[in-house]
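So the chains spell out like this:
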Amino acid sequence: MVDTEAFIPEAKAEIREAVGDEEAIIALSGGVDSSVAAALTHEAIGDHLTAVYVDTGLMRKGETESIRETFSFMDGLRVVDARDRFLDALAGVTDPEEKRHVIGEQFIREFEREAREANARYLVQGTIYPDRIESEGNIKSHHNVGGLPDAVDFDGIVEPVRDLYKDEVREVARALDLQSVVSERMPFPGPGLAVRVVGEVTREKVAVAREACHVVEEETADHDPWQAFAAVIGKATGVKGDNRVHGWVVSVRSVESRDGMTARAQQLDWETLQRIQSRITGTLDNVSRVVYDVTHKPPATIEYE
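All figures in this text were calculated on a predicted structure; none of them were measured in a lab. Throughout, residues of each chain are indexed from 1 in the direction in which the sequence is written. The model is predicted, so local features are restricted to residues of pLDDT at least 70 and side-chain atom pairs to those at 80 or more, both for listing and for counting; the totals for chains, interfaces and linings are taken over all residues. Water and hydrogen atoms play no part in the side-chain values, which are based on all heavy atoms of the structure.

1. Regarding the overall build of the protein
Going by this rule: Secondary structure follows DSSP: runs of H or I at least 4 residues long count as helices, runs of E at least 2 residues long count as strands, and numbering of each begins at the N terminus. Every radius of gyration here is taken over C-alpha atoms, with the globule rule written as 2.2 Å times N^0.38, N being the number of residues. Accessible area is worked out with a 1.4 Å probe on protein chains only. A residue is then buried under 20% of its type maximum, exposed over 50%, and partly exposed in between. The contact definition used throughout considers only heavy atoms, calling two residues in contact when any of these lie within 4.5 Å. Note on areas: Shrake-Rupley, 1.4 Å probe, and residue coverage restricted to the protein chains presented here. When charges are counted, Lys and Arg contribute as positive and Asp and Glu as negative, whereas His and the chain ends are disregarded. Charged groups are reduced to one reference atom each: NZ for lysine, CZ for arginine, CG for aspartic acid, CD for glutamic acid.
Helices and strands together make up the secondary structure of the protein, namely 10 helices and nine strands. Whereas a compact globule of 305 residues would reach a radius of gyration of roughly 19 Å, the protein reaches 19 Å, a difference of no more than 12%. Dimensions along the principal axes, computed over C-alpha positions, put the protein at roughly 65 × 40 × 35 Å. The 305 residues of the protein split such that 54% are buried. Within the protein, residue pairs in contact and separated by at least 24 positions form 76% of the contacts whose partners lie at least 6 positions apart. Per element, the accessible surface of the protein, about 13,600 Å² overall, is 45% carbon and sulfur. When the 35 positive and 57 negative side-chain charges of the protein are each reduced to one mean point, those points stand 6 Å apart.

2. Thoughts on a nonpolar patch on the surface
To be explicit about the condition: For patches, a residue must show more than 30% relative accessible area and have no salt bridge; joins then use 9 Å for like charges and 5 Å for nonpolar side chains, namely Val, Leu, Ile, Met, Phe, Trp and Tyr. For this document, the term salt bridge refers to a Lys or Arg side-chain nitrogen within 4 Å of an Asp or Glu carboxyl oxygen.
The grouping of Val 198, Ile 233 and Val 291 at the surface amounts to a nonpolar patch, some 180 Å² of accessible area in total. Residue Val 291 is classed as partly exposed on the basis of its relative accessible area, which comes to 34%.

3. Considering the nonpolar core
The cut-off we apply is this: For our purposes a nonpolar core is just a set of buried Ala, Val, Leu, Ile, Met, Phe, Trp, Tyr and Cys residues, chained together by side-chain atoms within 4.5 Å.
Core analysis: the largest hydrophobic core is formed by 83 residues, its most contacted members being Phe 7, Ile 25, Val 36, Leu 40, Phe 111 and Ile 280. If you tally residues by element for this core, the top one is helix H2 (residues 32-45), at eight residues. Residue contacts for Phe 111: discarding those within four places in its chain leaves Ile 25, Ala 27, Val 52, Val 54, Leu 123 and Phe 154.

4. A short note on the packing of aromatic side chains
Inclusion rule: Stacked, tilted and edge-to-face are the three classes applied to pairs of Phe, Tyr and Trp rings, where Trp contributes its six-membered ring and a pair requires centres within 6.5 Å; stacked means planes under 30 degrees apart, edge-to-face means over 60, and tilted covers the rest. Whether a charge sits over a ring depends on NZ of Lys or CZ of Arg being within 6 Å of the ring centre and within 35 degrees of the ring normal.
Using the criterion set out here, one finds four aromatic pairs in the structure. Seen in terms of ring centroids, Phe 86 and Phe 107 are 5.1 Å apart; in terms of plane orientation they differ by 65°. Their pairing is edge-to-face. Placement of the pair is Phe 86 in helix H4 (residues 83-90) and Phe 107 in helix H5 (residues 96-118), with a sequence separation of 21 residues. Side by side, Phe 86 and Phe 107 carry an identical accessibility label, which is buried. Between Phe 229 and Tyr 304 the ring centres are 6.3 Å apart and the planes differ by 90°, which places this aromatic pair in the edge-to-face class. Placement of Phe 229 in strand E6 (residues 227-240) and of Tyr 304 in the segment after strand E9 (287-292) is noted, with a sequence separation of 75 residues between them. Put simply, the rings of Phe 86, Phe 107 and Phe 111 pair up and form one aromatic cluster. Sitting above the plane of the Trp 248 ring, Lys 235 keeps its charged end 4.6 Å from the centroid.

5. Quick look at the pattern of salt bridges
Scanning all chains against the criterion turns up 26 salt bridges. In this structure, Glu 63 and Arg 185 form a salt bridge, with 2.7 Å as the shortest nitrogen-oxygen distance. With Glu 63 in helix H3 (residues 63-70) and Arg 185 in the loop between helix H8 (180-183) and helix H9 (203-220), this residue pair connects regions lying 122 residues apart in the sequence. Pair check on accessibility: Glu 63 and Arg 185 agree, each one buried. With its nearest N and O atoms 3.5 Å apart, the salt bridge here joins Arg 253 to Asp 293. A residue pair is termed long-range when its members are at least 10 positions apart, and Arg 253 in strand E7 (residues 243-256) and Asp 293 in the segment after E9 qualify at 40 residues.

6. What about the sheet that holds strand E1 (residues 23-27)?
For sheets, the rule is that strands pair by backbone hydrogen bonds, running either parallel or antiparallel. Note the threshold: When DSSP finds two or more bridges between a pair of strands, those strands are recorded as paired. Only C-alpha atoms enter the line fits that serve as axes; for helices the fit covers just the stretch in contact. Angles between N-to-C directions range over 0 to 180 degrees.
Taken in spatial order, the five strands of this open sheet run E3-E2-E1-E4-E5, and their pairing is parallel. What marks the edges here is a single partner per strand, and that holds for strand E3 (78-81) and strand E5 (156-158). For this sheet, the mean inter-axis angle between neighbouring strands, taken without regard to orientation, is 30°. Relative to E5, strand E4 (residues 120-124) is paired through three bridges, and the arrangement is parallel. Considered in E5, the bridge of Val 124 is made with Val 158. Where H5 meets the sheet, it contacts E1, strand E2 (49-55), E3 and E4, and its direction lies at approximately 140° from that of E2.

7. With respect to the pairing of E7
Judged from the 13 bridges that link them, E6 and E7 form a sheet pairing that is antiparallel. Bridge assignment links Ala 236 to a residue of E7, and that residue is Gly 247. In textbook terms, the turn of a hairpin is the stretch between consecutive antiparallel strands, and for E6 and E7 this stretch comprises two residues, one of which, Gly 241, has a positive phi near 65°. Where E7 lies against E9, five bridges are found, and the strand directions are parallel. By the bridge assignment for E9, Val 250 is matched with Val 290.

8. Looking at the side chain of Asp 167
To keep it simple, the criterion reads: Here a polar contact is recorded for every N or O atom pair within 3.5 Å, except that within protein the pair must consist of a potential hydrogen donor and a potential acceptor, and residues adjacent in sequence are included only if both atoms are side-chain atoms.
The topology assignment puts Asp 167 in helix H7 (residues 166-175). For Asp 167, a relative accessible area of 13% gives the class buried. Of note is the side chain of Asp 167, whose polar atom sits 2.7 Å from the side chain of Arg 258.

9. A word on the pairing of E1
Inclusion rule: With strands facing away from the observer, any crossover in which the path from the first strand over the helix to the second runs clockwise is taken as right-handed.
For E1, the tally of buried residues reaches four of five residues, placing the bulk of the element in the interior. Note that E1 and E4 share four bridges and pair parallel. Paired with Ile 26 across the two strands is Val 124, which belongs to E4. Two strands pair when backbone bridges link them, and E1 and E2 are joined in this way by four bridges, in the parallel orientation. Across the sheet, residue Ile 25 finds its bridge partner in E2, namely Thr 50. Following the backbone out of E1, through H2 and into the adjacent parallel E2, one traces a crossover that is right-handed.

What follows is the structure in structure tokens.
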């Protein structure tokens, strides 16, 4: 486990050495990884840091409003509405790796634009060790590692928590006295709901995934999963009222893990599963059925793409 008393001052010293007297921006997503990176960098270089949150249109329900509230202490927080740019860039893309590269490039272009306005030459990211392992091992490219374009308009990319696992990042968050809504927050993928939509990412499918994920997070909260969510995996025939429908199939996934490198499917009780399917199919008219994923990691990954 990480020695937070040693790690925090070392990380801040490393940030100061990397950035110097230059300006930097932090890619803030609201998750624990980027939040810890932001807190460390803010303490290290103060007003030389500009926090940028990009609303990709692929975020959790209510995410943008939550970001504004949680990080109100950071002066000059920039919220960028890039929903149409991301969704338009993903139109027609069906390959999972290509999706991640499209998202990675779009992220960089958004941050380059914001950096020019802030006169920033450095980009700070919340990359953690499992991101690097999975990207370097060709398991899947993370948008902030293997998904980055070859050419980026920054003097350097700073990754203060790059050698930490998720549980270690949480320890640092607690040591930094970050709110529990941040330190204990369930992991959310950098590419967002794009990797919870199998195949082409459309506005309709993203809307289904967002609402279904919200239901799953609420209904599994008492079971304390490491990660729980829903994914749109295809279409199937169903019946609503007296009518035949060809609606979306939503797969529910809830896993237990320590660091995300391996995971076991959680054994949810029947009543919880029935509440989930009832809420999802009752709320979303274009969903025809809900299934539960019982596959561990390995052989599956936690996310779908």
